[in-house]
Amino acid sequence: MSIYHTTLLQQIDPIRQQLIVHPLFDSLRQVAAVRVFMAHHVAAVWDFMTLLKALQRDLTCVDIPWVPTVDPVSRRLINEIVWAEESDTDDNGHPISHFEWYLHAMDTLGCDTAPIRDMVAAIRQGVPLPLAVRQSGLPDSSKAFIQFTWSIASESPLWVKAAVFAFGREELIPDMFPQLLKDLDEGNGGLTPLIRYIQRHIQLDGDEHGPLAVRMVALACGDDAQRWHEATNAVMAALRCRLALWDGAYQMMRGAAGITPN
């Protein structure tokens, strides 16, 4: 691990710890609270693919005629992650993206998926993403989260995208998602798809995708101090945006009738 990598970890650790011990995680004993959480979190599940595809576009050739890109190592790393995230298999062996898996979990639990489905449908029909997000029925903190991710995916250099992807997403999950599991009632069949989704991500991100993503950052930044500085600032902003997403969900839980967060 380079001194730059170590410094990045030290600088992001305080806000990272806030995310891992957020009071939201102790509030998921009631199904109504889980529904509120999922209505917010689905934005992060969906726009994860925007960031991932931006990296795939930068690191591989997705145009025709095809030509090999410069860095075959990063090319393989990103394609391995895309393969699992976009084309995993569910418990029945059927191909499925993790976003579709999450929508199934929401449907099973009786969540309202219309806001995210309508937004995706609008984008599919050619509505620019910023407009589709503004017009959607998603919670405000979810909209802000997507808008931040879009700014990174569409405007930032490769090393910034890679860092936000690695340290704002993949590397965070193995420590954060177990907090989601601890109070979910595994005896409630309606929660089973969500529990399996969380377990799958803990497995993938801890054992495979997290280390792959971190390696991509090292390759993209190299020994360039300025790149590591820009990457660190972007990761800090990404983690603050995630914290705002959790705060938004938690505040809605506290305000909803019948939900009594700890």
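Predicted model, so just to flag it, every value in this text is computed and none were measured. (Residues numbered from 1 in each chain as written. Predicted model: local features only at pLDDT ≥ 70, side-chain atom pairs only at ≥ 80, totals over all residues. Heavy atoms only, no water.)

Caption draft 1: The arrangement of the overall build of the protein in detail. Within the protein, the regular secondary structure consists of 11 helices and two strands. Moving toward the C terminus, one meets the helices and strands of the protein in the order α-α-α-β-β-α-α-α-α-α-α-α-α. Compactness check: the protein gives a C-alpha radius of gyration of 18 Å against a globular reference of 18 Å for 262 residues, within 12% of the reference. With respect to the principal axes defined by its C-alpha atoms, the protein has extents near 55 × 40 × 35 Å. Looking at the protein as a whole, 51% of its 262 residues are labelled buried. Pairs at least 24 residues apart make up 74% of the contacts formed inside the protein by residues separated by at least 6 positions. Split by element, the accessible area of the protein, about 11,900 Å² in all, is 53% carbon and sulfur. Side chains of the protein give 21 positive and 31 negative charges; the mean places of these two sets differ by 3 Å. (Helix = DSSP H or I, 4+ residues; strand = E, 2+ residues; numbered from the N terminus. Rg over C-alpha atoms; globule rule 2.2 N^0.38 Å. Buried < 20%, exposed > 50% of the residue type's maximum accessible area, 1.4 Å probe, protein only. Contact = heavy atoms within 4.5 Å. Areas by Shrake-Rupley, 256 points an atom, 1.4 Å probe, with all protein chains shown as cover. Lys, Arg positive; Asp, Glu negative; His and termini not counted. Charge placed at Lys NZ, Arg CZ, Asp CG, Glu CD.)

Caption draft 2: Spatial organisation of the pattern of salt bridges. With the rule as written, the count across this model stands at 12 salt bridges. Notably, a salt bridge pairs aspartate 58 with lysine 161, separated by 2.7 Å at the nearest N-O pair. Highlighted residues: aspartate 58 in helix H2 (residues 31–59) and lysine 161 in helix H8 (residues 158–170), separated in sequence by 103 residues. On the basis of relative accessible area, lysine 161 is assigned to the buried category, the value being 4%. A salt bridge links aspartate 91 to arginine 196, with the shortest nitrogen-to-oxygen separation between them at 2.9 Å. Separated by 105 residues along the polypeptide, aspartate 91 in the loop between strand E1 (88–89) and strand E2 (95–96) and arginine 196 in helix H10 (residues 192–221) bring together distant segments of the chain. (Salt bridge = Lys/Arg side-chain N within 4 Å of Asp/Glu carboxyl O.)

Caption draft 3: Here's a closer look at the packing of aromatic side chains. Considering all chains together, one arrives at six aromatic pairs under this definition. Ring geometry for tyrosine 102 versus tyrosine 197: centroids 5.0 Å apart, planes at 70°, classification edge-to-face. Of the two residues, tyrosine 102 is situated in helix H4 (residues 98–109) and tyrosine 197 in helix H10; the sequence distance between them amounts to 95 residues. Using a relative accessible area of 3% as the deciding quantity, one classes tyrosine 197 as buried. (Phe/Tyr/Trp six-rings, centres within 6.5 Å; stacked < 30°, edge-to-face > 60°.)

Caption draft 4: Region of the structure containing helix H11 (residues 225–255). Spanning 31 residues, H11 covers 45 Å between terminal C-alpha atoms, matching the ideal 45 Å at 1.5 Å per step. You can read the cap of H11 off the contacts: a side-chain oxygen lies 3.0 Å from the backbone nitrogen of glutamine 226, and it is on aspartate 224. (Expected span 1.5 Å × (residues − 1). Polar contact = N/O pair within 3.5 Å; in protein donor to acceptor, adjacent residues only side chain to side chain.)

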